[in-house]
Every structure is written in C-alpha cells, then in structure tokens.
Amino acid sequence: MPDGIADIGLPTIWRPGEEGRWTRGVVVRKKSVCLHKSTDLSRRPVMAASSDESVEKELAELKSRLEQKSLKNVFDGINQELSLLKNTTLNIAVTGNMGVGKSSFVNAFRNISDYTQSSAETGVKQTTMEPHKYRNDIFPEITLWDLPGIGTHGFKPNDYLKIVHFSMYDFFIIVSSGCFTVNDAILALEIKKMNKRFYFVRTKVDQDMDNEKKKPNFNETQTLEQIRNYYRSKLMKEGIDNPKVFLISRWHLDMYDFPKLHETLANDLNYLKRPLLIKAFPAVSREYLQKKKAEMEKLIWRKAHMSCKLRSRFWRAFSDHYGNDLLISTLKEICRAFGLDEDSLRNLAGRICKPAGMLKSAVRKTAMVSQIDTKIVESLLTKCWRVGFRTVPERFCRSSPVLCPLVRGRSCFATTYFMLKGFLEDAMEDAKNVLAKAAE
C-alpha cells in the first residue's frame, strides 16, 4: 500500500487501477477522505428506493446487535445458527391400516408421482413389511418413513410402535381412507402414551366428493365438515383431546386440507425444523410462496454476514474462494426452495403430467442450479455494488465505525445482502410463472 494511505483492517487489499484509481472496493483513509474503487458516481444508476430501505433496515438491525455484542460475537452467533440449521434433520412416520394410501401420501408429500424411480411402492396389497425410509429428493435432511400397515401379519397392534422404533420420529401421520377402525384408535392412543404428536389424515376425499356430487342439494363445504366431525368425534371418544383431522387428495395438493396440513405441521415444529419443512414443501399457491420467501429472507441475512466474515478473515487468494462458495450454495438453495432446479421441475412435470420443458420455459430470470458458478456470483456482486453503493447511508459509518467494513466495497455485507435479496425476488417471480404454467 502506498505511503499516506492507512489500512483500517478491511476485508480486501488495495491495488492501483486505471487512471490512478484504487481498485477492489476497499475503504481506505487519506487525509480524512474516504476513497473507493471509483469516484465517478455519476456513472452508476441509483438503487430502487425499496431496496435501499431494505438494506438500511438490515444495517440498523445489525447496528442494534453491535450495541449489545461485539462484531465477533455477532458473527459467532450467526455461524452457530447456520451450523445448527445445516445439521437439522426431520423424520416423519406415516402409518395406518394397509391399503389406505400411505405410500401414495409419502409420494405426494415429496411432490413426486407414484411411478418415478424413487417413489414409494404402491398397490392394493400390503407392499410394506418393514419401515422403509424415503428421503426428500431435493432436501435429503427430510425423511419420510413408510411404516407397515398395522394389523398385518407379524405386527400385533399393541407391539406395533415398539417394532417400528417409534422414538426416532418427530411426529406421526395416521392415514385412513374409510370408516374409523379399531386399529386407528389403538395407534392414536399408543402414540399419545409415548408423548408424541400425531395428525389424522383422511385420504381419497376427491373420490368422496365425486360420489356426493350426484346427490341433490350437494354442498361441498358442508360435506367436508361432516367428514371431519365424524373422525373428530371418534378420536375424542377414545380420549384424544382436540384431535387434528385433515382431508386430502393425493392428486390435488392445492385443494382441501393439504395446505392446512402442511401449515399446521410447520407451526408445530421448533425454529430449526420449521424452515426445513417450509423450504421442502411444494409451492402449491402464491400464499405458500410468500411463506418460503419469508424463510429465505432470514437465511440470506445470515449468509450475507458469513460471506462478509469469510472475505475479511482470509487473505485475498482464499477470501473470494470461500466467500463465493458460500454464495453459490445459497443461490442454489434459493432455487431449490422455490422448485426452480432441474429435479424439482422434472418431479412437478411428472406429477401433473406435463412436459418438463414447458415448465422450464417459465423460468426466465434465475439460472438453473447446474449453471450457478463463481462467474455468475462475481457478475451479480459487481452489478449490485455499482448499482447500490451510493445509496448506503454514510451515517452508519459515522455513528458506528465498526460498520464501515460491512457497508463499503464490492464484498461488503450491504452489497452481498442486496445481491441475494435481488436474486430472491427474481426466484419468487419465476416460481409464480411456473405455478401459472402448471395450472394451464
């Protein structure tokens, strides 16, 4: 670094650029004047007001944290949160009588058809003689366990939960497709005794509606409520307080109680497992896309901080490598959460019996997961830095000098957060386009 320019411990190093300007976007001080990569601000477009406000809001939150903890402690806390999220798993047990559609439910929950290579085997005969695990194809941290039908040969009801290792599951889903049975009652009571949660799911409700429509004065809402009340009353007679009953169709994930089922499951999980389930569940409506977006906004806030930390921790030969790897994985995670990756589009196409290419054509703004690499990350960062740099308020530096490394430069928190935020908005729009295309 030339004489007269003092380093203030910022993420990257300075190098002479064209026309005597300093490059790499690092903030330095010379005679109390801050120098940046380019002083020609007139060439840069201004960031949209809404994005500016978003960055200011996040910086204000960060400043508030720094008033209570040191920058190191804030980073350590975020790193711990990310580590916990990364190592979180979710195990869901699906049980019930044989032939009620447990395997089809497992496939529907994973957003795949009954006929793909990784699907759970279905059939009118008992096809599951031991607990069989099915990982989510896109989010392998989630495993659905297709349990043997209770009452089948070799599985006495009273010993059933011990045989299938009940303690390893986060919760149970009891599946039924007809009249409430003795085995349904036994399962509910045994799960209650083990202090585990269960949710009662009545499948094939679309068939019920088709039959009921033939009757005069048919009212779908009333008919569905009658079915729910039937199962609720049966469970309450067995001593189950406030039983949760959901009516679903394997073929219509956006209808009946399937969205409500997933919302209830997510709300009942802790803060680590909830985001995982929300990301993994198929985007069946615009309302659910908003839920996904809210969870991803929390994630990119953490990832932007960690990227900034990685870039400031290592010397230049390694900082970009570690920081870019983190951002590449984050962009890919956003795409997968919104079902914009190749596998998700292919699974959706198989479920709704439409060409995958037709759905892929609706993805216009975000790159395919297989195409996201360092080059794309660098391009997005550079673009966002040029667009958003001048809008970051200097008052954050004046009021809290420790924020300077986080708001200045191409690799700073503000630029990284703005880049991820913009990518998230594009993914949201593409997901809406895919949803509309699937509904055509």
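Residues numbered from 1 in each chain as written. Predicted model: local features only at pLDDT ≥ 70, side-chain atom pairs only at ≥ 80, totals over all residues. Heavy atoms only, no water.

### A word on helix α12 (residues 342–352)
1) Next: Here α12 has its buried residues at S344, L345, N347, L348, A349 and R351.
2) Next: Positive phi shows up at C353, right after α12, with a value of about 60°. (Buried < 20%, exposed > 50% of the residue type's maximum accessible area, 1.4 Å probe, protein only. Helix = DSSP H or I, 4+ residues; strand = E, 2+ residues; numbered from the N terminus.)

### Looking at the packing of aromatic side chains
1) Next: Tallying each qualifying case throughout the model produces 11 aromatic pairs.
2) Next: A centroid spacing of 6.0 Å and a plane angle of 15° characterise the contact between F105 and F258, whose relative ring orientation is stacked. Of this pair, F105 sits in helix α3 (residues 102–109) while F258 sits in helix α8 (residues 258–268), placing them 153 residues apart in sequence.
3) Next: Of the residues examined, F105 reaches a relative accessible area of 2% and is grouped as buried.
4) Next: Between F109 and F281 the ring centres are 5.9 Å apart and the planes differ by 65°, which places this aromatic pair in the edge-to-face class. (Phe/Tyr/Trp six-rings, centres within 6.5 Å; stacked < 30°, edge-to-face > 60°.)

### Some details on the environment of E81
1) Next: On the secondary structure map, E81 appears in helix α2 (residues 71–86).
2) Next: For E81, a relative accessible area of 29% corresponds to the partly exposed category.
3) Next: For the pair E81 and L272, spaced 191 residues apart in the sequence, the C-alpha separation amounts to 8.8 Å.

### A look at the packing of helix α6 (residues 205–212) against helix α7 (residues 220–237)
1) Next: Where α6 meets α7, the closest approach of the two axes is 11 Å, and the angle between their N-to-C directions is 130°. Between α6 and α7, the interaxial angle falls into the category oblique. Considering only the axes of α6 and α7, their crossing is right-handed. For the pair α6 and α7, the contacting residues are V205, D208, M209 and E212 in the first and E220, T223, L224 and I227 in the second.
2) Next: The residue makeup of the contact of α6 with α7, split by class, is 4 nonpolar, 1 polar and 3 charged. (Axes fitted to C-alpha atoms, helices over the stretch in contact; angles between N-to-C directions. Parallel < 35°, antiparallel > 145°, perpendicular 65-115°, else oblique. Left-handed = near helix turned anticlockwise from the far one by under 90°. Contact = heavy atoms within 4.5 Å. Nonpolar A, V, L, I, M, F, W, Y, C, P; charged D, E, K, R; others polar.)

### Brief notes about the pairing of strand β9 (residues 198–202)
1) Next: With 5 of 5 residues buried, β9 is to be regarded as a mostly interior element.
2) Next: Burial along β9 is two-sided: F198, F200 and R202 and Y199 and V201, pointing in opposite directions, are all buried.
3) Next: In the sheet, strand β8 (residues 171–176) pairs with β9 via 5 bridges, with the strands oriented parallel. The residue of β9 that forms the bridge with I173 is Y199. (Pairing = 2+ DSSP bridges.)

### What about the sheet that holds strand β10 (residues 245–247)?
Paired through backbone hydrogen bonds, the strands of a sheet run either parallel or antiparallel to each other.
1) Next: Read across the sheet, 6 strands follow the order β6-β7-β5-β8-β9-β10 without closing on themselves; strand pairing throughout is mixed. A single partner strand is all that each edge strand has here, and the edge strands are β6 (132–135) and β10. Here the strands of the sheet are splayed against their neighbours by 25° on average, with no regard to which way each runs.
2) Next: One ladder, built from 4 bridges, connects β6 with strand β7 (residues 142–146); its direction is antiparallel. Counterpart to K133 in the pairing with β7 is W145.
3) Next: Together, β5 (90–96), β6, β7, β8 and β9 form the strand contacts of α3, whose direction differs from that of β5 by roughly 150°.

### Examining the pattern of salt bridges
1) Next: If you walk through the whole model with that rule in mind, you get 18 salt bridges.
2) Next: With its nearest N and O atoms 3.2 Å apart, the salt bridge here joins E225 to R232.
3) Next: Of the residues examined, E225 reaches a relative accessible area of 32% and is grouped as partly exposed.
4) Next: Two residues, R346 and D343, come together in a salt bridge whose shortest N-O distance is 2.3 Å. Note that R346 and D343 are positioned in helix α12 at a spacing of 3 residues, about one turn of the helix.
5) Next: A relative accessible area of 37% means that D343 is categorised as partly exposed.
6) Next: Bridged by salt links that share partners, the residues E225, R228, R232 and D257 form one connected network. (Salt bridge = Lys/Arg side-chain N within 4 Å of Asp/Glu carboxyl O.)

Nothing here speaks to function; it is geometry throughout.
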